[in-house]
Structure formats: structure tokens, C-alpha cells
Amino acid sequence: MPGFELFGAKEKAQVNDVLNSGVLMRYGFNGVRKGHWKAKTLEKALEKRMKCGYAHVVSSGTAALTVAMASAGVSTGDEVIMPTFTFVATFEAILALGAVPIMVDVDDTLTLDPTAVAKAITKRTKVIMPVHMCGSMADLDALKVLCKKHSLLLIEDACQAIGGSYNGKPLGSYGDLGCFSFDYVKTITCGEGGAVITNNQDYYAHAEQYSDHGHDHIGKDRGAEAHPFLGYNYRISELNAAVGVAQLKRLDKFLDIQKYNYTVLRKALEKVPQITFRRVPKGGVENYSFLSFYMPTEDLAKKATEALAKAGVDGCFYWYDNNWHYHRKWEHLKDLKSLGYLPNKVYDQLPNYYKSDFSKSDHWVGRNISCLIKLGWSKSEVRKRAETMAGVLGAIDQ
Ligand SMILES: *Cc1c(COP(=O)(O)O)cnc(C)c1O
């Protein structure tokens, strides 16, 4: 997945444009910026690649989630349905708006289970937020049906799945809003950065203003701009955006490399009888940033993770025991350990997650191993890795 592996002359040339003009800010300074608008250029390129009406680039993926929800009016007491398997940014963004994270089971897609989502919808639900973890998507058609039926927003967290698609549409462009991260370990990177995409002009206008202190961006004098509503600062710098301009041009090449490496590993593992693979919903195409598979039991998955590490196969994650990505280690959320007080509605409405039954998620995540697909492997390294993995996993016994 990591675009940082292939950071080179093209990225440096883009950054040098910014350094040579000295204009590190994305707005204003028209006279001295020598025609370089890196954030704007990245936005136009994203709109084209993601086949969407509008893209707005921000300072991180977490900022993108926050801005996306804020731009669609998500606020205190609104419930946002999110998966038990995701990155902590999901609930951080929800809580930042005073909204309430409602955790829901994942299924064999390792993303939101539509049946569990349907059961979790209440009068206060405002958003369904699928997170396309490890390069593959939720069953978006089923979630869209629920959104239509209950007048909810579908907001896609596509931070780990940029370049994947569903029913021919780029991931992120299927919902009302979609979010990307360009942090240092994502498929393409800005160093730090993120983006919100949408086809809704109002959401775009809100996102663009909210992420820059509410500036209306009308006219040429920033100091004289009006502020139609309260905002915040989630701006990206031109230096970061410049890296992204170069990386986005390379996205499709990165995806080809990932697909090749993924396919070599997958073909080898398909020969191991006890392994099954993560389900990709019909109509979905992964971005191949991870190869995710299941062992027959939790115990065997633990043994397999250890054996892979011992055999020198790095980058294979057992998320079930991971501090960042699975609900079991989110005590800080469950106990609402905040530096200050959170909105009353969060205290009142947050379920007691210690009493929740997430055995369905545990059934899948407890048996899952996800292996990071790197861009920098040579063909012989991939072949060797495939052989080693198949050998190690085939030898794990009951
Ligand atoms: C990385 C990531 C984020 C947050 O992105 P940052 O740019 O690191 O803030 C959000 N959701 C998922 C699924 C991620 O992987």
C-alpha cells in the first residue's frame, strides 16, 4: 500500500515548484506564486480520477471525515453507524462533532454487515459510514437501500482503498460523500493529507469553507472575505499537496503493481486447503493493498501469525489483537477518556460497549490475517514470499 516506497524525482520536482515560489499556502498570494496552485491542481485531478463533481483536499484523512460529516450537517446527538473493525480516526471524527459512534458488526467482507446495520438504525441515526478496510469495500448497494429507506447519509471512508471500485464507480464516489487519507503509509501519500469528494454542490461549498475558518473565498482580498458560518482550520499546505499531485499521477501504476503482487501471493495461498479468503461484494474491485484471508479457528490464526513472523514474512497483521484497528482495545472510547467534558448527548447516548455482543465480528476478525502488499518487491521476492507463506501456512496444524 505505501506510496512512500516510491518517492522520487517527480515528487521532488513538484515540491521544488513550491519551494522556488516560496508560497507555502494554498490560498492567495496570486502575484508571487508563479502560477503554482498545488492543492487546487490535486483537487482537479482527483475530480477527474474519481469521476465526481467536487473534491476538496484537507490536512488529513481524519480531517476529511470530520469535514465531510460537518458539511452535511452532522452534529451533537446524531448517531453515526460505524464498524467494529476500523481505524480509531472513525470515532475521533464522530466525537469531534459531538455525534455518537454506534459500533456495528462486520461480516466476511471485513466491513459493515448490512443486516447488523439495519438493526442498529434508530430515530437519531444520521449517517451510515462503511470503512473500506484493507483495500476492499462494504456491500454498498445494500447500505444505500437502507440509507434511502431511512433518509440517511452514506459516507464512505475509502482511506485504505483508493483506486478500488464498486459497480464501475471509484470507491468514495458511491456515497453522498467519500473520504481519502494521504498520510505517510497510504497507497498514495502527501506526507500528511486527505480529501473529501462529493457530487453535492452544497456539501462541497460547506467543506471548502468550513475547513478554512468559514472563509467564503469570494474576491481576491482574504482579509476582506465574509464568514457565512463558523469554521475551523483543516487546510493542507502547498508542500504536502505538491507531493500528492505527483503521487496521484502514479496511482494507476501503483495499483497495477499491487494487483500483480497480490495475485502471485493469492494463487500460492489458494493451494492451502485450510485457507479461505475475504469476500469481495459482487461488483467490487479491490485496490489490492492487502491480501486478507481466514484460518479455520482463532487459535490457528494466532499460530499462523507467529509462524509467519518467525519465517521472516513481515507485514502480516492479526488485527484482532491490534491496539488501533479493532474494538477490543478501544477502552479509551468505551470509557470516554477525554481530556475535557464531551457533550452531554454523547454521555447519554453512547451504548455500554462492555455489554455489547460483537461475537459476529470476532468470528471473522479473530480468524483473519491481513498481509500488506508492498510496491517495492522485486518479482523474485514476491515469488519467494508466496512460497514461504504457502509452506508456513500449510504446515499449521490443528
Ligand atoms: C489512515 C486512515 C484514516 C485517517 O487518516 P489520517 O490521514 O491518518 O488522519 C481514517 N480511516 C482509515 C480507515 C484509515 O486507514
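Procedures and definitions
- Residues numbered from 1 in each chain as written.
- Predicted model: local features only at pLDDT ≥ 70, side-chain atom pairs only at ≥ 80, totals over all residues.
- Heavy atoms only, no water.
- Near = heavy atom within 4 Å.
- Polar contact = N/O pair within 3.5 Å; in protein donor to acceptor, adjacent residues only side chain to side chain.
- Areas by Shrake-Rupley, 256 points an atom, 1.4 Å probe, with all protein chains shown as cover.
- Nonpolar A, V, L, I, M, F, W, Y, C, P; charged D, E, K, R; others polar.
- Buried < 20%, exposed > 50% of the residue type's maximum accessible area, 1.4 Å probe, protein only.
- Helix = DSSP H or I, 4+ residues; strand = E, 2+ residues; numbered from the N terminus.
- Pairing = 2+ DSSP bridges.
- 1 Å grid on protein atoms, 1.4 Å probe; cavity = no way out; pocket = protein on both sides within 12 Å on 5 of 7 lines; lining within 4 Å.
- Points joined across faces, edges and corners; volume = space filled by probe spheres on them.
- Expected span 1.5 Å × (residues − 1).
- Bend = angle between axes of the 7 residues up to and from the residue.
- Salt bridge = Lys/Arg side-chain N within 4 Å of Asp/Glu carboxyl O.
- Contact = heavy atoms within 4.5 Å.
- Domains from an automatic or database assignment.
- Buried area = accessible area lost by both parts, 1.4 Å probe.

Chemist: Hey, could you go over the site of the ligand for me, with residue numbers and the actual values?
Modeler: Around the ligand, the surrounding shell holds 14 residues, and the nearest of these are Gly-61, Thr-62, Ser-181, Asp-183 and Lys-186. Asp-183 places a polar side-chain atom, nitrogen or oxygen, 2.6 Å from an oxygen atom of the ligand. Contact with the protein chains removes 93% of the 380 Å² of surface that the ligand exposes when unbound. Of the residues belonging to the shell around the ligand, the class tally is 5 nonpolar, 6 polar and 3 charged.

Chemist: Before we move on, can you summarise the pairing of strand β8 (residues 177–181) with the specific residues and values?
Modeler: A large share of β8 lies buried, amounting to 5 of its 5 residues. Residues Leu-177, Cys-179 and Ser-181 of β8 are buried on one face, and the alternating residues Gly-178 and Phe-180, pointing to the opposite face, are buried as well. As judged from the 3 bridges shared by strand β5 (residues 153–157) and β8, these two strands associate in the parallel manner. For Asp-157, the partnering residue across the bridge sits in β8 and is Cys-179. Relative to strand β9 (residues 194–198), β8 runs antiparallel, the two being bridged by 5 bridges. Its bridge partner being in β9, Phe-180 is matched across the sheet by Ala-195.

Chemist: Hey, could you go over empty space enclosed by the protein for me, with residue numbers and the actual values?
Modeler: Under the definition given, this model contains 1 cavity of 30 Å³ or more. The computed volume of the largest cavity comes to approximately 30 Å³. Of all the secondary structure elements, the ones that give two or more residues to the lining of the largest cavity are α8 (238–269) and β12 (290–294). Ranked by the residues each element gives to the lining of the largest cavity, the list is headed by β12, at 3 residues. When the residues that make up the lining of the largest cavity are grouped by side-chain class, the tally is 4 nonpolar, 1 polar and 3 charged.

Chemist: Just give me the short version of α8, but keep the residues and values in it.
Modeler: With 32 residues, α8 extends 43 Å between its outermost C-alpha atoms, agreeing within 8% with the 46 Å of an ideal straight helix rising 1.5 Å per residue. The axis of α8 is deflected most strongly, by about 50 degrees, at Leu-251. With a side-chain oxygen lying 3.2 Å from the backbone nitrogen of Leu-239, the N-terminal cap of α8 falls on Ser-237.

Chemist: Just give me the short version of the pattern of salt bridges, but keep the residues and values in it.
Modeler: Taken as a whole and assessed by the stated rule, the structure comprises 17 salt bridges. A salt bridge links Arg-222 to Asp-212, with the nearest nitrogen and oxygen atoms 2.8 Å apart. On the criterion of sequence distance, the pair formed by Arg-222 in the loop between α7 (201–210) and α8 and Asp-212 in the loop between α7 and α8 is long-range, its members being 10 residues apart. Judged by its relative accessible area of 22%, Arg-222 is partly exposed.

Chemist: Summarise the side chain of Thr-86; cite the residues concerned and give the values.
Modeler: Within the secondary structure layout, Thr-86 lies in the loop between β2 (79–83) and α4 (89–96). A relative accessible area of 0% means that Thr-86 is categorised as buried. Side chain to side chain, Thr-86 and Thr-90 meet in a polar contact 2.6 Å long. If we ignore the near neighbours within four places in the chain, the residues touching Thr-86 are Val-131, Met-133, Trp-324, His-325, Tyr-326 and Trp-330.

Chemist: Account for the domain arrangement of the chain, with residues named and values stated.
Modeler: Interfaces are frequently sized by the accessible area removed from exposure as the parts join. Domains assigned within the chain are domain 1 (3–250) and domain 2 (252–394). Domain 1 and domain 2 are separated by 23 Å when their C-alpha centres are compared. In this complex, domain 1 contributes 52 residues to the contact, which on the side of domain 2 involves 47 residues. Between domain 1 and domain 2, the buried area comes to about 4200 Å², and carbon and sulfur atoms account for 62% of it. The largest per-residue losses of area from domain 1 upon contact with domain 2 belong to Met-103, Asp-108 and Cys-134, which jointly make up 15% of the total buried on that side. The tally of links from domain 1 across to domain 2 stands at 3 salt bridges. Between Arg-49 and Asp-252 there is a salt bridge, and its shortest N-O distance comes to 2.9 Å. At the junction of domain 1 and domain 2, the tally comes to 28 residue pairs in polar contact (both at pLDDT 80 or more). Elements supplying a minimum of two residues to the side of domain 1 that touches domain 2: β2, α4, β3 (100–104), β6 (165–166) and α8.

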